[in-house]
Amino acid sequence: MPKFDITKTNIAVERLLERTENPRHRFMLESYNRHRYLEMAGRNEEIFAPEMTVEEPYYRFNYLGKVFDLNGREEVQGVYREWTENDQCVFYAEGEELAVGDTMIISRGTLYQQIPGAVLAAEGVPADEDATYLAKVREAMIWPYDERCRLVGEDVWEFDPSAREFIKLDPSQVLTSDQAGELLAPLIKPLPSFEETMLVA
């Protein structure tokens, strides 16, 4: 199994930022970058800062054989909280491709999410309940943004279920949310002022 490094999960975002000049697009990418790092670090409360996310976001998932909607901050934050508590907030990306426009960011690639075996077993996946796994999926996402570049929601779907895989981790490979937070803290940058960014345009 390849060695996964959570500090490299956003490498495609950072590379796109390096070659993006449009101020609005840069602000959106910086917000996207910060959001993903905060999520993986278990600092989900900060995702809902008024300069980053609308008051009542929506999320639509078609993922690991489940289809579900989350409507409003309370429902979305509840999932983030649960993922942080059981270390499912740990993600890795591979071969991610990104595009940014005036109203959305689109992502496509291979995603690995850390999931306890007990969670998988409860959903009918043959898994060791005492182990931790990486769920490997081919995933696409559309993140729409409003006029002030605040996240409106997420549309997430697994576009190739045949590529799905559950990789059992050795206990030494499991990363807790606290450990993820320590590793990612140096990479979590403040979001620039929207007004000052738009003055450059």
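Residues numbered from 1 in each chain as written. Predicted model: local features only at pLDDT ≥ 70, side-chain atom pairs only at ≥ 80, totals over all residues. Heavy atoms only, no water.

Colleague: How would you sum up the nonpolar core? Please name residues and give values.
Modeller: Residues Ile6, Tyr32 and Tyr92 are the most contacted members of the largest nonpolar core, which totals 55 residues. In terms of residue count, helix H2 (residues 23-40) provides more of this core than any other element does, seven residues in total. (Core = buried A, V, L, I, M, F, W, Y, C linked by side-chain atoms within 4.5 Å. Buried < 20%, exposed > 50% of the residue type's maximum accessible area, 1.4 Å probe, protein only. Helix = DSSP H or I, 4+ residues; strand = E, 2+ residues; numbered from the N terminus.)

Colleague: If you had to explain helix H5 (residues 177-184) to someone new, which residues and values would you point to?
Modeller: Of all the positions in H5, only Ser177, Ala180, Gly181 and Leu184 are classed as buried. Taken down its axis, H5 places every buried residue within 100 degrees of arc, on the same side. Facing away from the buried surface of H5 by more than 90 degrees, the exposed residues are Asp178 and Glu182. Next to the buried residues of H5 lie H2 and helix H3 (73-85). (Arc of directions from axis to C-beta. Contact = heavy atoms within 4.5 Å.)

Colleague: So what's going on with the packing of aromatic side chains? Which residues, and what values?
Modeller: Evaluation of the coordinates by the stated rule reveals nine aromatic pairs. With a centroid separation of 5.0 Å and an interplanar angle of 40 degrees, the aromatic rings of Phe4 and Tyr92 are classed as tilted. Of this pair, Phe4 sits in the segment before helix H1 (11-18) while Tyr92 sits in strand E3 (residues 91-100), placing them 88 residues apart in sequence. Relative to Phe61, the ring of Tyr59 lies with its centre 6.1 Å away and its plane at 40 degrees, an arrangement referred to as tilted. (Phe/Tyr/Trp six-rings, centres within 6.5 Å; stacked < 30°, edge-to-face > 60°.)

Colleague: Which residues make up unusual backbone geometry, and what values do they have?
Modeller: Apart from glycine, the bulk of residues carry a negative phi angle, and the bulk of peptide bonds sit in the trans form. One non-glycine residue with positive phi stands out, namely Asp87, at about 70 degrees. We classify Asp87 as buried; its relative accessible area is 19%. A positive phi is found at Cys149, a non-glycine position, where the angle reads about 60 degrees. Checked against the element boundaries, Cys149 lands in the loop between strand E5 (132-144) and strand E6 (151-158). Assessed through its relative accessible area of 0%, Cys149 is described here as buried.

Colleague: Just give me the short version of the pattern of salt bridges, but keep the residues and values in it.
Modeller: Tallied over the entire structure, the rule returns twelve salt bridges. The partner of Asp128 in a salt bridge is Lys168, with the nearest N and O atoms 3.3 Å apart. With a gap of 40 residues between them, Asp128 in the loop between helix H4 (117-122) and E5 and Lys168 in strand E7 (residues 165-168) connect regions that are remote in the sequence. Look at Asp128 and you get partly exposed, because its relative accessible area is 31%. Here Arg164 and Glu158 are joined by a salt bridge, their closest N and O atoms 2.9 Å apart. (Salt bridge = Lys/Arg side-chain N within 4 Å of Asp/Glu carboxyl O.)

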